[in-house]
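Spelled out from the first residue to the last, the chains are:
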Amino acid sequence: MAKAQDQASRGTGARPLLEVQDLELSFRSDFGDHRFLQGVSFQVYPGEIVGLVGESGSGKSISSLAIMGLLAKNGRISGGQILFKGQDLAKMSESDLDKIRGRHISMVFQDALTSLNPVFTIGNQMREAIRAHRPMSRAKANQEAIQLLSRVGLPRAKSVMRQYPHALSGGMRQRVMIAMAIAGEPELMIADEPTTALDVTVQAQIMALIKSLAQERGTAILIISHDIGLLAQMVDRVLVMYAGQLVEESGLRQLFEDPGHPYTASLLRSVPSITDSSDRQLHSIPGVVPANYAQIQGCRFFDRCPFALDSCRENSQVMAELPSGQRVRCERAARGDFANLAWLGEELADPEENAARRCDCVL
């Protein structure tokens, strides 16, 4: 187990709350089964905030839907386990999952407007969420709903209860979603892109609210985002996903100071900073996430990696632990080929100097 995981477990309890082991997802189509996720393994401990980051199409959201048992009808878990408090969610019936969803594991979905029912008031939906998992009268549920909306920072909660989703701003709808997610007092909350389309001020408020849940109630949080910079002040540990696989697992400080995988280093290069010079151009990773990545035998980042060798295309990559405690899916990193990838976050104006630094990066 990685040192980052050991440190997290010592701070929050020795036993993981959620343990995903070698998860594999497949989807049926007219042309047969297609495997979209392979060998995904990670753990989340009570009171811990874990960030799952990667480009669009990497498999982040589909992983969370698999945990919740909300895959589309043509999707299935074709391998691995999803253990919640020792119980395998992948083998549970729909009725058994209904007893866990909302009450023990909740989820804040990516688009709050489409996740809320447009024909029911906020109060109606809040009461339904509360009474589904905590038997109480309608009047009591109404009081509880008002308290929850106030807790997530919504002013005039009684007035909000009478409104429909379209009458609220994006930030207000997102707060309603969080209030519904914590209504059942869950032990684990999954937040899928909880700040999408929100301005930076509201983003900061939403992230501070989520962080307070972990600190005050010991709720385990799994935050999914494509923005690694957004997670910098939030999470205890980062999982980096690319093309249906985890490629790096690291503690937050270690990830930013010394990324272990070239993909992680490239992501960090794309993050703007207040210390940037006025003429700095943001980096973009060449190419796109491969479409049929399940058919790739070797490294799935091969075509976009500045350090790829011919052997990387041919050899299947497995997660390996580095001396620093990071876990990385890169055979070159595992055998110590890279001296330091951190310089990739500091692009220089002189192309020749950048080339020289790249040579120095590889032992």
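Look up: the structure comes first, before these words.
Undergrad: Can you help me understand the sheet that holds strand 4 (residues 75-84) in this one?
TA: Taken together, four strands build an open sheet; the order of strands is 2-1-4-5 and the sheet is antiparallel. Since the sheet does not close on itself, it has two edges, and those belong to strand 2 (32-44) and strand 5 (87-88), each with one partner. Summarising the sheet, strand 4 and strand 5 pair through two bridges and their orientation is antiparallel. When the bridges of strand 5 are listed, phenylalanine 84 appears paired with glutamine 87. Each of strand 1 (18-29), strand 2 and strand 4 touches helix 2 (residues 60-68); the most contacted strand, strand 1, lies at about 105 degrees to it.

Undergrad: Is there a simple way to think about the pairing of strand 9 (residues 237-242) in this case?
TA: The side chains of a regular strand alternate, first on one face of the sheet and then on the other. Here strand 9 lies mainly inside the structure; six of its six residues are buried. Residue alternation in strand 9 divides its side chains into two sets, Arg237, Leu239 and Met241 and Val238, Val240 and Tyr242, and both sets are buried. Summarising the sheet, strand 3 (residues 49-53) and strand 9 pair through four bridges and their orientation is parallel. Bridging across to strand 9, leucine 52 finds its partner in leucine 239. Sheet topology places strand 9 next to strand 10 (residues 245-251); six bridges connect them, and they run antiparallel. Paired with valine 238 across the strands is serine 250, a residue of strand 10. Between strand 9 and strand 10, which pair antiparallel in sequence order, lie two residues; one of them, alanine 243, sits at a positive phi of approximately 50 degrees.

Undergrad: Help me understand the packing of helix 5 (residues 122-131) against helix 6 (residues 138-151) in this model?
TA: Two measures define how a pair of helices packs: the angle their axes make with one another and the distance between the axes. Helix 6 packs onto helix 5 with a crossing angle of 105 degrees between their chain directions and a minimal axis gap of 9 Å. Comparing their axes, helix 6 and helix 5 come out roughly perpendicular. Two secondary-structure elements touch here, helix 5 through Ile122, Met126, Arg127, Ile130 and Arg131 and helix 6 through Arg138, Ala141, Asn142, Glu144, Ala145, Leu148 and Leu149.

Undergrad: Got a minute to help me understand helix 2 in this structure?
TA: Residue pairs spaced three or four apart in an α-helix point in one direction, given the helix's 3.6 residues per turn. For helix 2, the complete set of buried residues consists of Lys60, Ser63, Ser64, Ala66, Ile67 and Met68. Directly after helix 2, the chain includes glycine 69, whose backbone phi takes a positive value near 70 degrees.

Undergrad: Whenever I open this one, the side chain of glutamine 174 confuses me. Can you help?
TA: Summarising the element assignment, glutamine 174 is placed in helix 8 (residues 170-181). Residues in contact with glutamine 174, not counting those within four places in the same chain, are Val108, Phe109, Gln110, Ala112, Glu193, Pro194, Thr195, Leu198 and Ile206.

Undergrad: How do you make sense of the packing of helix 5 against helix 8 when you look at a structure like this?
TA: Look at helix 5 against helix 8: their axes get within 9 Å of each other, and the N-to-C directions meet at 20 degrees. Here helix 5 is positioned roughly parallel relative to helix 8, judged by the angle of their axes. Of the two elements, helix 5 crosses helix 8, and the hand of that crossing is right-handed. Across the interface between the two elements, Ile122, Gln125, Met126 and Ala129 of helix 5 pack against Val176, Ala179 and Met180 of helix 8. Tallied by class, the residues present in the contact of helix 5 with helix 8 amount to six nonpolar, one polar and no charged.

Undergrad: Before we go on, may I ask you to explain the packing of aromatic side chains in this structure?
TA: What describes a pair of aromatic rings is the distance from one ring centre to the other and the angle between the planes of the rings. Taken as a whole and judged by the stated rule, the model has five aromatic pairs. Residues tyrosine 242 and tyrosine 263 carry aromatic rings whose centres are separated by 4.6 Å and whose planes lie at 50 degrees to one another, so their mutual orientation is tilted. Of the two residues, tyrosine 242 sits in strand 9 while tyrosine 263 sits in helix 11 (residues 262-269), which places them 21 residues apart along the sequence. Of the two residues, tyrosine 242 and tyrosine 263, both sit in the buried class. Ring centres 5.2 Å apart and planes at 50 degrees place the aromatic pair phenylalanine 307 and phenylalanine 338 in the tilted group. With phenylalanine 307 in the loop between helix 11 and helix 12 (310-314) and phenylalanine 338 in the loop between helix 13 (331-334) and helix 14 (351-361), the pair connects residues that are 31 residues apart, well separated along the chain.

Rules and cut-offs
Residues numbered from 1 in each chain as written. Predicted model: local features only at pLDDT ≥ 70, side-chain atom pairs only at ≥ 80, totals over all residues. Heavy atoms only, no water. Pairing = 2+ DSSP bridges. Helix = DSSP H or I, 4+ residues; strand = E, 2+ residues; numbered from the N terminus. Contact = heavy atoms within 4.5 Å. Axes fitted to C-alpha atoms, helices over the stretch in contact; angles between N-to-C directions. Buried < 20%, exposed > 50% of the residue type's maximum accessible area, 1.4 Å probe, protein only. Parallel < 35°, antiparallel > 145°, perpendicular 65-115°, else oblique. Left-handed = near helix turned anticlockwise from the far one by under 90°. Nonpolar A, V, L, I, M, F, W, Y, C, P; charged D, E, K, R; others polar. Phe/Tyr/Trp six-rings, centres within 6.5 Å; stacked < 30°, edge-to-face > 60°.

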